[in-house]
2 protein chains.
Amino acid sequence: MTAVRIIEVGPRDGLQNEKQVVTTATKLGLIERLAAAGVRHIEATSFVSPKWVPQMADHAEIMAGLPKLPGVHYPVLAPNMKGYEGAVAAGAKEVAVFAAASESFSQKNINCSIAESIARFEPIFAAARGDGVQVRGYISCVIGCPYEGPVAPAAVADVAQRLLELGSYEISLGDTIGTGTPATVLRMLEAVAAKVPTGQLAGHYHDTYGMGVANVHASYQFGLRVFDSSIAGLGGCPYAKGATGNVATEDVLYLLQGLGAETGIDLDKLVDAGAWISEALGRPTQSRVARALLAKRAA
Amino acid sequence: MTAVRIIEVGPRDGLQNEKQVVTTATKLGLIERLAAAGVRHIEATSFVSPKWVPQMADHAEIMAGLPKLPGVHYPVLAPNMKGYEGAVAAGAKEVAVFAAASESFSQKNINCSIAESIARFEPIFAAARGDGVQVRGYISCVIGCPYEGPVAPAAVADVAQRLLELGSYEISLGDTIGTGTPATVLRMLEAVAAKVPTGQLAGHYHDTYGMGVANVHASYQFGLRVFDSSIAGLGGCPYAKGATGNVATEDVLYLLQGLGAETGIDLDKLVDAGAWISEALGRPTQSRVARALLAKRAA
């Protein structure tokens, strides 16, 4: 059995785009159900200013309410030193920082160049070393950018190398707008793998154009063993209203089980967790596996 | 450029499951729009008894109304000799016959064994040789069966070989319940390719568990160059109400374009065709590509 690690990003990456208020109890209810399904890595919240992301204003309450289970990890997003300090004060043992592979995206979303954004992470990495906190590096727009179109694989490789040198234990490669196909994903992975060991790479794919599962499969064939995904496909796509965002965890798990990979996650309980949050948010699941299995249960 | 042939099955395989009445004009309107998008192979209708499939009772009117365009083919389903005769009388130049790789499915859906169902096709093949009509063989349940679960690759290979020997110019391999993953699809293709040349195989995948695009990709890597798909994902899944059925043509085309394959189809016009029929049927498209591109147009 090939072991694969799934990083569930729904409670953070998924819910941060929600317009409606999601209560702390609902978020914790989702996290509890994910952990009960065997998910071992759950991105719990973001230590970002509530001015920018009001949905994540309850980050300290979330951290305080997390189920304490052996072997279950709760990474959090920490976009700057203030966020890092808040995260560690709240008990985080793992944080994630976020850079873009596209200059326009970096300027429009982080208000600085890629190089500047990475330089700002230096004190976080330095502090994390002293605190014994692990840092994961996210790269967005690894295939395409909503402002400048196709992104050069070499640009992704440069950012990945820089994040590795700073001390990231893992680099998550995000196809933020979901335009990647197995062909462009493989070209990108080849360029990045020349700079960062494949074992330290994660695939973070969006299903906006229906390519999420195929891109996970192509990356698995390439050798990746870590994938980010979102329960019920939570999150949507901020660049195409009504379109799909993060690939659904249920669908990724179905694929991985079919490939004979072992994740430790129970598909039926995962579908339960997705059905629960979809009902809480009052919207249909974006997972096709969930739709099929729930239909079979109802039959 | 690698040439890939897409067989659009929406007007037949998709619409045959529709509960609401779809007028002949609507069906022809869809076919016209598909042809205008550059689709060269459109399964137009089924010459089956209106007692069994009332939605296809207008098969002769459909044939009479088809746009006559150079290079555009309109295969039709002909489940028995009576259907074959009706199809040819209506002007069909290509028919498709249908066998299952699962005995239970054959018994429950065709009321006879696999061997009996194939024997019944013999007069069709004989007549088609005389009439200069091409016959395509469909095999259903090539991965799993709703009644007996996993289907042995060897069973699929046997049916495929038999349909080839009878004179099928191509064998379409249908994952009717959509449970296949790239691993099971490849095992099936390896078994079948030992009996039938890869160039005479087509992949007909369902997206019920979100694996449709990944299975097309895996099959393309294996060497398949013909894929069946349904505009807007028309068709649903008779075995899981509310679940997805045929993989959407828009999503397959997006994948193939990304892989550098040439189909002759214009994606924007294809999205138009899918949006038109979805609106006519009063339901959302099942194509993620269509959702993303329509959202971008509306922005």
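The rules behind these values
Residues numbered from 1 in each chain as written. Chains lettered and ligands numbered in written order. Predicted model: local features only at pLDDT ≥ 70, side-chain atom pairs only at ≥ 80, totals over all residues. Heavy atoms only, no water. Helix = DSSP H or I, 4+ residues; strand = E, 2+ residues; numbered from the N terminus. Rg over C-alpha atoms; globule rule 2.2 N^0.38 Å. Contact = heavy atoms within 4.5 Å. Lys, Arg positive; Asp, Glu negative; His and termini not counted. Charge placed at Lys NZ, Arg CZ, Asp CG, Glu CD. Salt bridge = Lys/Arg side-chain N within 4 Å of Asp/Glu carboxyl O. Buried < 20%, exposed > 50% of the residue type's maximum accessible area, 1.4 Å probe, protein only. Pairing = 2+ DSSP bridges. Axes fitted to C-alpha atoms, helices over the stretch in contact; angles between N-to-C directions. Least-squares fit on C-alpha atoms with pLDDT ≥ 70 in both. Parallel < 35°, antiparallel > 145°, perpendicular 65-115°, else oblique. Left-handed = near helix turned anticlockwise from the far one by under 90°. Nonpolar A, V, L, I, M, F, W, Y, C, P; charged D, E, K, R; others polar. 1 Å grid on protein atoms, 1.4 Å probe; cavity = no way out; pocket = protein on both sides within 12 Å on 5 of 7 lines; lining within 4 Å. Points joined across faces, edges and corners; volume = space filled by probe spheres on them. Polar contact = N/O pair within 3.5 Å; in protein donor to acceptor, adjacent residues only side chain to side chain. pLDDT = per-residue confidence, 0-100. Buried area = accessible area lost by both parts, 1.4 Å probe. Core = buried A, V, L, I, M, F, W, Y, C linked by side-chain atoms within 4.5 Å.

Draft legend 1. Seen up close, the overall build of chain A. When helices and strands are counted, chain A shows 12 helices and 13 strands. Against the 2.2 N^0.38 benchmark of 19 Å for 299 residues, chain A shows a C-alpha radius of gyration of 18 Å, consistent with a compact globule. When the backbone C-alpha atoms are referred to their principal axes, chain A occupies close to 55 × 40 × 40 Å. Restricting the contact set of chain A to residue pairs at least 6 apart, pairs at least 24 apart contribute 74%. Taking the average location of the 25 positive side-chain charges in chain A and that of its 28 negative ones, the two points are 2 Å from each other.

Draft legend 2. Representation of the pattern of salt bridges within the structure. Considering all chains together, one arrives at 26 salt bridges over all chains under this definition. Across the salt bridge formed by B:Asp268 and B:Arg297, the nearest N and O atoms sit 3.6 Å from each other. Linking B:Asp268 in helix H11 (residues 267-281) with B:Arg297 in helix H12 (residues 288-298), this pair joins segments that are 29 residues apart in sequence. A relative accessible area of 42% places B:Arg297 in the partly exposed class. Look at the salt bridges and you will find they share partners, linking A:Arg5, A:Arg136, A:Glu170 and A:Asp228 into a network.

Draft legend 3. Quick peek at the environment of B:Ser113. All names here are of chain B. The topology assignment puts Ser113 in the loop between helix H5 (103-110) and helix H6 (114-131). Judged by relative accessible area, which is 16%, Ser113 ranks as buried. Once you skip the residues sitting within four places of it in the chain, Ser113 turns out to touch Glu103, Ser106 and Gln107.

Draft legend 4. Spotlight on the sheet that holds strand S3 (residues 41-42) of chain B. All names here are of chain B. Ordered by their spatial adjacency, 9 strands build an open sheet running S3-S2-S12-S11-S10-S7-S6-S5-S4, and the pairing between neighbours is parallel. The sheet is open, and its two borders are formed by S3 and strand S4 (45-46), each paired with just one other strand. Bridge analysis of strand S10 (residues 170-175) against strand S11 (residues 201-205) gives 5 bridges, and the strand direction is parallel. Among the inter-strand pairings, Ile171 is bridged to a residue of S11, identified as Leu201. Sheet strands in contact with helix H9 (residues 212-222) are S10, S11 and strand S12 (226-229), and its direction is about 165° off that of S11.

Draft legend 5. The arrangement of the relation of the copies chain B and chain A in detail. When chain B is brought onto chain A, the operation consists of a screw motion whose angular component is 180° and whose axial shift is 0.0 Å, with 0.0 Å RMSD remaining. When the rotation and shift are considered jointly, the pair of chain copies conforms to a two-fold rotation axis. Considering only C-alpha atoms, the residue of chain B closest to the rotation axis is B:Ala214, which sits at 2.0 Å.

Draft legend 6. Expanded view of the packing of helix H7 (residues 153-166) of chain A against helix H8 (residues 182-193) of chain A. Residue and element names in this part refer to chain A. One can describe the packing of H7 onto H8 by two numbers: an axis separation of 8 Å at closest approach and a directional angle of 40°. Judged on the interaxial angle alone, H8 and H7 are oblique. The crossing of H7 and H8 is right-handed. Residue-level inspection shows Pro153, Ala154, Val156, Ala157 and Ala160 of H7 in contact with H8, the latter providing Arg187, Met188, Ala191 and Val192. Grouping the amino acids of the contact of H7 with H8 by side-chain chemistry returns 8 nonpolar, no polar and 1 charged.

Draft legend 7. Structural context of empty space enclosed by the protein. Under the counting rule described, the total for this entry stands at 1 cavity of 30 Å³ or more. Roughly 90 Å³ of volume is contained in the largest cavity. Contributing to the lining of the largest cavity are A:Asp207, A:Gly210, A:Val213, A:Asp251, A:Arg288, B:Asp207, B:Gly210, B:Met211, B:Gly212, B:Val213, B:Asp251 and B:Arg288. For the lining of the largest cavity, the class distribution of residues is 3 nonpolar, 3 polar and 6 charged.

Draft legend 8. Seen up close, the side chain of B:Ser229. Residue and element names in this part refer to chain B. Along the chain, Ser229 falls in strand S12. Among the polar contacts made by the side chain of Ser229, one reaches the side chain of Thr249 at a distance of 2.9 Å. Excluding its chain neighbours within four sequence positions, the residues that come into contact with Ser229 are Ile6, Ile7, Glu8, Val9, Gly10, Val247, Ala248, Thr249 and Val252.

Draft legend 9. Summary view of the confidence of the model for chain A. Averaged over every residue, the pLDDT of chain A is 96; residues scoring 70 or more account for 100%. On the interface metric, ipTM, the complex scores 0.95, and its pTM is 0.97.

Draft legend 10. Focus on the interface of chain B and chain A. In this assembly, 33 residues from chain B lie in contact with 33 residues from chain A. Counting each side, the surface lost to burial between chain B and chain A is near 2800 Å², with a carbon and sulfur contribution of 58%. The three residues of chain B that bury the most area against chain A are B:Tyr209, B:Tyr254 and B:Arg288, which together make up 28% of that side's buried surface. On inspection of chain B and its partner chain A, the count reaches 2 salt bridges. Of the charged contacts in the structure, one is a salt bridge between A:Asp207 and B:Arg288, with a shortest N-O distance of 2.1 Å. For the side of chain B that touches chain A, the elements supplying multiple residues, two or more each, are helix H8 (182-193), H9, helix H10 (249-258) and H12 of chain B. In terms of residues, the side of chain B that touches chain A owes the most to one element, H12(B), which gives 7 residues. Residues belonging to the side of chain B that touches chain A are distributed by class as follows: 17 nonpolar, 10 polar and 6 charged.

Draft legend 11. Summary view of the nonpolar core. Counting residues in each nonpolar core, the largest one holds 192 residues, and the members touching the most others are A:Leu173, B:Ile139 and B:Leu173. Once residues lying within four places of it in the same chain are set aside, the contact partners of B:Ile139 are B:Ala99, B:Ala100, B:Ala101, B:Val156, B:Val159, B:Ala160, B:Leu163, B:Ile171, B:Ser172, B:Leu173 and B:Gly174.

Draft legend 12. Structural detail: the sheet that holds strand S10 (residues 170-175) of chain A. Residues and elements named next belong to chain A. In space, the 9 strands of this open sheet follow the order S3-S2-S12-S11-S10-S7-S6-S5-S4, with parallel pairing throughout. What marks the edges here is a single partner per strand, and that holds for strand S3 (41-42) and strand S4 (45-46). Here S4 pairs with strand S5 (residues 76-77) via 2 bridges, running parallel. By the bridge assignment for S5, Ser46 is matched with Leu77. In this fold helix H9 (residues 212-222) packs onto S10, strand S11 (201-205) and strand S12 (226-229), with an angle of close to 165° to the strand it touches most, S11. Across the sheet, helix H10 (residues 249-258) lies against strand S2 (5-8) and S12, angled at about 175° from S2, the strand it touches most.

Draft legend 13. Structural view of the packing of helix H2 (residues 24-36) of chain B against H11(B). Residues and elements named next belong to chain B. For the pair H2 and H11, the least separation of the axes is 8 Å and the interaxial angle reads 170°. Considered as vectors, H2 and H11 are oriented roughly antiparallel to each other. Residues Thr26, Gly29, Leu30, Arg33, Leu34 and Ala36 of H2 touch H11, and the partners they reach there are Lys269, Leu270, Ala273, Trp276, Ile277 and Ala280.

Draft legend 14. Layout of unusual backbone geometry. Residue and element names in this part refer to chain B. The residue Cys141 is not glycine, and still its phi comes out positive at about 60°. If you trace the backbone, Cys141 turns up in the loop between strand S7 (134-140) and strand S8 (144-145). By relative accessible area, which is 0% here, Cys141 ends up buried.

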